[in-house]
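# Structural overview for review
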Amino acid sequence: MITKIQRVAPDSLREAKNFIEAGEVVAIPTETVYGLGGDAFNDEAVKKIFAVKGRPNDNPLIAHVHADYDLSKIIDYDPPYAKKLREAFLPGPLTLVYPSTGKVSPFVSCGLNTLAVRIPAHEGAQAFLREVDIPIVAPSANLSKHVSPTSAQHVYEDFQGKIPLILDGGVCVGGIESTVCDVTGEVPVILRPGLVTKEMIASVVGACEEYTPDFRSGEKVKSPGVLYKHYAPRCETTLFGANALADAVRVAKQATAEKRVAVLCESDLLGAFDGLNVAVLDLGKTGEEMANRLYGMLRTAETICDLLVAVEPREKGGVMTGVLNRLKKACVSVDIPHENV
Ligand code: TXA
Ligand code: MG
């Protein structure tokens, strides 16, 4: 199969719609990361998404809709506070998990009775979703466990020859995946941190909790995606706490021609590596900047080094929670054993 990359335009949108109606999957831009989209009502299309990504079949997908889509077609109950969150943050990088009507393919939510719904802000994504006018399920358009894609070229690297079309909407500005927030209970619960932060949600609806799975309790995990090693570059990685900078420098000094080292950290810590024979990946200064650069830099790391030495940002909370969450998942060296859940 030839994989075409086309800028978002009337012709390419029509072509994308034809592929979707034929049960194919098409890569689409969003403001967070690129997605691998398929018809949420079509079992075969949904199964194809899991197959082409190599995604575990217990990790549910997000349904993407345009800003005027009638949500009552797919969600069963819409608590008043969810409406407030939509008014405050959508279209934007916030996914809300509602009780499902069960109308979409049963493969979307992997047996859960909920449905994650996202209204992306990206103009190209909105244009595509209006063109098809159905919910499009779309996980990040990377091979399972690889770094999420923030450009059409990243998608091409993972899916060349495997999908017919990549709609190119430029480089993603957000850079990390949407905040996933459960709205099935009394108060919103963040299942995956992102650019819409706990503090922002609490400021609109008064309260917001954060879900941390207890792996030892035998509790059924709410958002299976949180279990997996994710976002990992194809090189050795070591993550140091911000207070272990001296250790990071010691490890970076081990660089040789055979073991090329790259260092990834916030701008203000880079001076610690001056004079060393290492490549430097500057994450930036603010949480937004770091979110925007992180995945591109992890993809660069795998092409320029054998060992990535990463240092956690010093600031915590806010957008940094999402950045740190991705950095930790990219740099853990073993999968959390699934049987323990
Ligand atoms: O920004 C994003 O959200 C991107 C772009 C393409 O929109 N999409 C994305 O999809 O990150 P994916 O499949 O890589 O991550 C979806 C996350 C997973 O952690 C999954 O477990 C969770 O959302 N999720 C999906 N449906 C859920 C549900 N019904 N209940 C709880 N968690 C759910
Ligand atoms: Mg993903």
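Residues numbered from 1 in each chain as written. Chains lettered and ligands numbered in written order. Predicted model: local features only at pLDDT ≥ 70, side-chain atom pairs only at ≥ 80, totals over all residues. Heavy atoms only, no water.

### Some thoughts on the environment of L96
Selection criterion: Secondary structure is summarised from DSSP: a helix means a run of H or I of at least four residues, a strand means a run of E of at least two, and numbering begins at the N terminus for each. Categorising residues by exposure relies on relative accessible area from a 1.4 Å probe, with only protein chains included: less than 20% of the type maximum marks a residue as buried, more than 50% marks it as exposed, and the intermediate range marks it as partly exposed. Only heavy atoms matter for contacts: two residues are in contact if any of them lie within 4.5 Å across the pair.
Tracing the backbone through its elements, the reader meets L96 in strand 5 (residues 94-99). We classify L96 as buried; its relative accessible area is 0%. Distance from L96 to V261, taken between C-alpha atoms, is 40 Å for residues 165 residues apart in sequence. For L96, the residues in contact, after removing those within four places along its chain, are A82, L85, R86, L90, L115, A116, V117, C181 and V183.

### Let's talk about the pattern of salt bridges
Quick reminder of the rule: Here, a salt bridge means any Lys or Arg side-chain nitrogen found within 4 Å of an Asp or Glu carboxyl oxygen.
The full count for this structure, using the stated rule, is 23 salt bridges. Where R260 meets D306, a salt bridge forms, and the shortest distance between an N and an O atom there is 3.2 Å. Residue R260 is found in the loop between helix 7 (245-252) and strand 13 (261-265), and its partner D306 is found in the loop between helix 8 (287-304) and strand 15 (307-311); the two are separated by 46 residues along the sequence. Between D282 and R293 there is a salt bridge whose closest N-O contact spans 3.9 Å. Of the two residues, D282 is situated in strand 14 (residues 279-282) and R293 in helix 8; the sequence distance between them amounts to 11 residues. Look at the salt bridges and you will find they share partners, linking E266, D268, K285 and R314 into a network.

### Some thoughts on unusual backbone geometry
What is expected of a backbone is that most residues other than glycine have negative phi and most peptide bonds are trans. Note that the residue after L90, namely P91, is joined by a cis bond; omega there is 0°. Within the secondary structure, P91 is located in the loop between helix 3 (80-89) and strand 5. The phi angle at C110 is positive, at roughly 55°, despite the residue not being glycine. Relative to the helices and strands, C110 is located in the loop between strand 5 and strand 6 (114-118). On the basis of relative accessibility, which here comes to 24%, the residue C110 falls in the partly exposed class. A positive phi is found at D133, a non-glycine position, where the angle reads about 55°.

### Things to note about the nonpolar core
Here is the rule: Nonpolar cores are built from buried Ala, Val, Leu, Ile, Met, Phe, Trp, Tyr and Cys residues. Side-chain atoms within 4.5 Å join them into one set.
With 43 residues, the main nonpolar core has L94, I163 and I201 as its most contacted residues. Mapped by element, the contributors of at least two residues to this core are helix 2 (43-53), helix 3, strand 5, strand 6 and helix 5 (152-159). Look past the residues within four positions of L94 in its chain and what remains in contact with it is L85, F89, V117, R118, S178, T179, C181, V196 and I201. Counting residues in each nonpolar core, the second largest holds 26 residues, with V33, M290, Y295 and A330 among its members.

### Here we look at the domain arrangement of the protein chain
Worth spelling out the cut-off: Domain ranges listed in this record stem from an automatic or a database domain assignment. Accessible area, probed at 1.4 Å, shrinks when two parts are joined; the buried area is that loss added up over both.
Each domain of the protein chain was delimited in the assignment, giving domain 1 (4-210) and domain 2 (236-330). The C-alpha-based centres of domain 1 and domain 2 are spaced at 29 Å. Buried surface at the junction of domain 1 and domain 2, both sides included, amounts to about 1,500 Å², of which 57% is carbon and sulfur. One salt bridge connects R299 with E157, and the closest N-O pair in it is separated by 3.2 Å. At 3 residues, the largest contribution of residues to the side of domain 1 that touches domain 2 is made by helix 5.

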